[in-house]
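# Observations on the model geometry
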Amino acid sequence: MSGALFAEQLLNGLQFGVMLFVMAAGLTLVFGVMGLINLAHGSLYMLGAFACAAVAAATGSFVLGLAASLAAAAIAGVLVETLIIRHLYARDHLDQVIATFALILVFTEGTRWAFGSFPLYLNLPDALSGSVSLPGGITYPLFRLLIIGVGLAIAAGLFLLVNRTRLGMRIRAGESDREMIAALGVDIGRLYTIVFALGAALAGLAGALVGSVQAVQIGMGEPVLILAFVVIVVGGIGSITGAFVGAILVGVTDTLGRFLLPQAFGLIMDASSATSVGSALASMLIYVLMALVLVFRPTGLFGKPA
Amino acid sequence: MKSFTTTLAAAAVALTLAAPARAEPVTVGMITTLTGGGAGLGIDVRDGFMLAVKQAGNKDLNVFIEDDQRKPDVAVQLADKMIQENKVDVLTGIIWSNLAMAVVPAAVGQGKFYLSPNAGPSALAGKGCDKNYFNVAWQNDNLHEAAGAYANTTGYKKAFILAPNYPAGKDALTGFKRFFKGEVAGELYTQLGQTDYAAEIAQIKASGADTVFFFLPGGMGIAFTKQYAQSEVGLPLIGPAFSFDQGILGAVGEAALGVKNTSQWNKDIDNETNKAFVESFQAEYGRLPSLYASQGFDTANLLLSAMAKASVKDADAFRAALEAADFKSTRGAFKFGSNHHPVQDIYVREVVKEGDVITNKIIGTALKDHADAYAAECKM
């Protein structure tokens, strides 16, 4: 194994991690501020990817597609929040899970009704495809570097938003005591809608970015949703910093596990069974990580003590 | 006058009774995947099947269609319901091997016929074969074996192979290695449903292989092919048709151009049945048929050919009529081996662009009259 290969895998892990962060940020904000478990977050991710594919196909512009993914997911977020989710804040988590699960079914079949059952075409513009040479003899796909850049920029932007702006102050206040900030005259209903739309837009953007290198298809959101939940549990529910650290940790652990474990088993058994055992263990690795974090820090790495 | 009409009516009745007995009606239950991920495959099988039914215009054939949502438990419930309530004689439609394993043994155990338009798990081809189970598509290993044979004839010496970590994935790599004579430069099992292949592609680049064989059906294959093209590895790709069927190619786009894939069917197989099938499918549904659609179409025509020969109530005669496979297949000549799985040619196709449409073109034959590796274990 060469150093360049290892470095490339680290970059892959980082890229996977920042993408998970964009997905998990919205989920953790919504849970932290409103105490809502939103299973339909993955549907907003799917919606973003489909909106991007449809607009990119109609206009030929990937940038317009990305804008459409943000807009479509944000609008869907506002509609879902005002029509349905708003009535669930006072209910217990089971009701929220059931209602948002129903939303998954509605979004899935609605998307099939609108776009058909076959995967859509969404590809990168020529300017963004291909690879670049990095120092150390690594050639790395340009678009993956771009995803790392966009992800880090979103992380920085969210950090500033939450810690340096008036809106961020209200979000933090809403997290710690929502009755009190309502009593202080903050329109809590509007704050909730804004936070939900922000989370939805981020999920939509993640869907569009990931969809352009993966597959734009029905049901693409649910596997990512599970990973996003792992991320926010590891990072501590409600914490943006936690979501960021958790996402990078999960991304790097998963990528390096898939890469190193089969090789490690290869030292003690034949190649075929080593890959089989190694990849089976690698797929469990992030859940092992989650269990370990919860053993030592039951509220996650950056969670507030219960 | 009245008596004349009565006489006429009586004569008509008598004539009807004297006419040869009408063929026994056949009720078919189709259980297939119509919603959720992977619905494209089930929809193609259904559409191909119903196209043949419509063209035949046979009033004695009733078809019940239900959606299994790709869930084994749902498929089992649907099969029970169809057998008990709808009194079906024949079941068909299942796409996925794990669902087939849940439904088929119980259905044939109750004396029903099962015609598989897709899934061909090795268990049902070998020791678990059954006299009432027919596979009209292929045994699961077939297309992968053909890919291995093709890699030999092209002169590849070191192959990097990868598939998802589940039974059909393991069958795929086993099937490839059964025929590939070169060296395996690397072997990887990915997670089922995985969509990011950066880590795997980095290893392919570092492996020193001269070709890559992969079995990643559905969205996994779309993601892999796009990412592989972007990373500019440049090694030739080989795969079974499942990652390059007509339903997927549109989503992969130009990244798939030039990829070689193995299939028992393609739209350019030169025979009258196939030409008519491709044209009428396009006219009916407004899209090109995939191999799944051809399998559905062939399944229905096999069933219709058996109905023309024997009554489904006479199970032995009906089985013999199915075994004869006396129908015009889109694949040209069609015959069953001793374990009721096809013995057929498997072709190599290349992904090409015809006008604006990305599609497949046959460039050669990988295996001729190929039967599966499990037939010898089948005692029926």
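Conventions used here
- Residues numbered from 1 in each chain as written.
- Chains lettered and ligands numbered in written order.
- Predicted model: local features only at pLDDT ≥ 70, side-chain atom pairs only at ≥ 80, totals over all residues.
- Heavy atoms only, no water.
- Helix = DSSP H or I, 4+ residues; strand = E, 2+ residues; numbered from the N terminus.
- Rg over C-alpha atoms; globule rule 2.2 N^0.38 Å.
- Buried < 20%, exposed > 50% of the residue type's maximum accessible area, 1.4 Å probe, protein only.
- Contact = heavy atoms within 4.5 Å.
- Areas by Shrake-Rupley, 256 points an atom, 1.4 Å probe, with all protein chains shown as cover.
- Patch = residues over 30% accessible without salt bridge, like charges linked within 9 Å, V, L, I, M, F, W, Y side chains within 5 Å.
- Salt bridge = Lys/Arg side-chain N within 4 Å of Asp/Glu carboxyl O.
- Buried area = accessible area lost by both parts, 1.4 Å probe.
- Polar contact = N/O pair within 3.5 Å; in protein donor to acceptor, adjacent residues only side chain to side chain.
- Nonpolar A, V, L, I, M, F, W, Y, C, P; charged D, E, K, R; others polar.
- Domains from an automatic or database assignment.

### What about the overall build of chain B?
- Along the backbone of chain B there are 13 helices and 13 strands.
- What you see for chain B is a C-alpha radius of gyration of 23 Å, in line with the 21 Å of a compact globule of 380 residues.
- For chain B, the spread of C-alpha atoms along the principal axes amounts to about 95 × 45 × 35 Å.
- Classification of the 380 residues of chain B by burial places 60% in the buried group.
- Within chain B, residue pairs in contact and separated by at least 24 positions form 69% of the contacts whose partners lie at least 6 positions apart.
- Only carbon and sulfur atoms are counted for the fraction: they give 55% of the accessible area of chain B, which is about 14,300 Å².

### A closer look at a nonpolar patch on the surface
- Among the surface-exposed residues, V277, L281, M284, V288, L292, V295 and F296 of chain A lie close enough to one another that they form a single nonpolar patch of about 660 Å² accessible area.
- By the element assignment, V288 of chain A lies in helix α11 (residues 271-296).

### Quick word on the interface of chain A and chain B
- Contacts between the two partners involve 40 residues from chain A, matched on the other side by 40 residues from chain B.
- Here chain A meets chain B over a buried area of about 3,200 Å², counting both sides, of which 49% is carbon and sulfur.
- A salt bridge links R144 of chain A to D196 of chain B; the nearest nitrogen and oxygen atoms lie 3.1 Å apart.
- On the surface where chain A and chain B come into contact, there are 18 residue pairs in polar contact (both at pLDDT 80 or more).
- Elements that contribute at least two residues to the side of chain A that touches chain B include exactly α1 (3-34), α4 (93-115), β2 (138-141), α8 (188-213), α10 (240-266) and α11 of chain A.
- The residue makeup of the side of chain A that touches chain B, split by class, is 14 nonpolar, 20 polar and 6 charged.

### Structural notes on the domain arrangement of chain B
Residue and element names in this part refer to chain B.
- Looking at chain B, the domain boundaries give domain 1 (26-138 + 269-336) and domain 2 (142-263 + 346-376).
- Distance from the C-alpha centre of domain 1 to the C-alpha centre of domain 2: 26 Å.
- The residue D369 makes a salt bridge to K335 at a minimum N-O spacing of 3.9 Å.
- Those elements that place two or more of their residues in the side of domain 1 that touches domain 2 are α5 (122-125) and α12 (291-309).
- For the side of domain 1 that touches domain 2, the class distribution of residues is 7 nonpolar, 3 polar and 2 charged.

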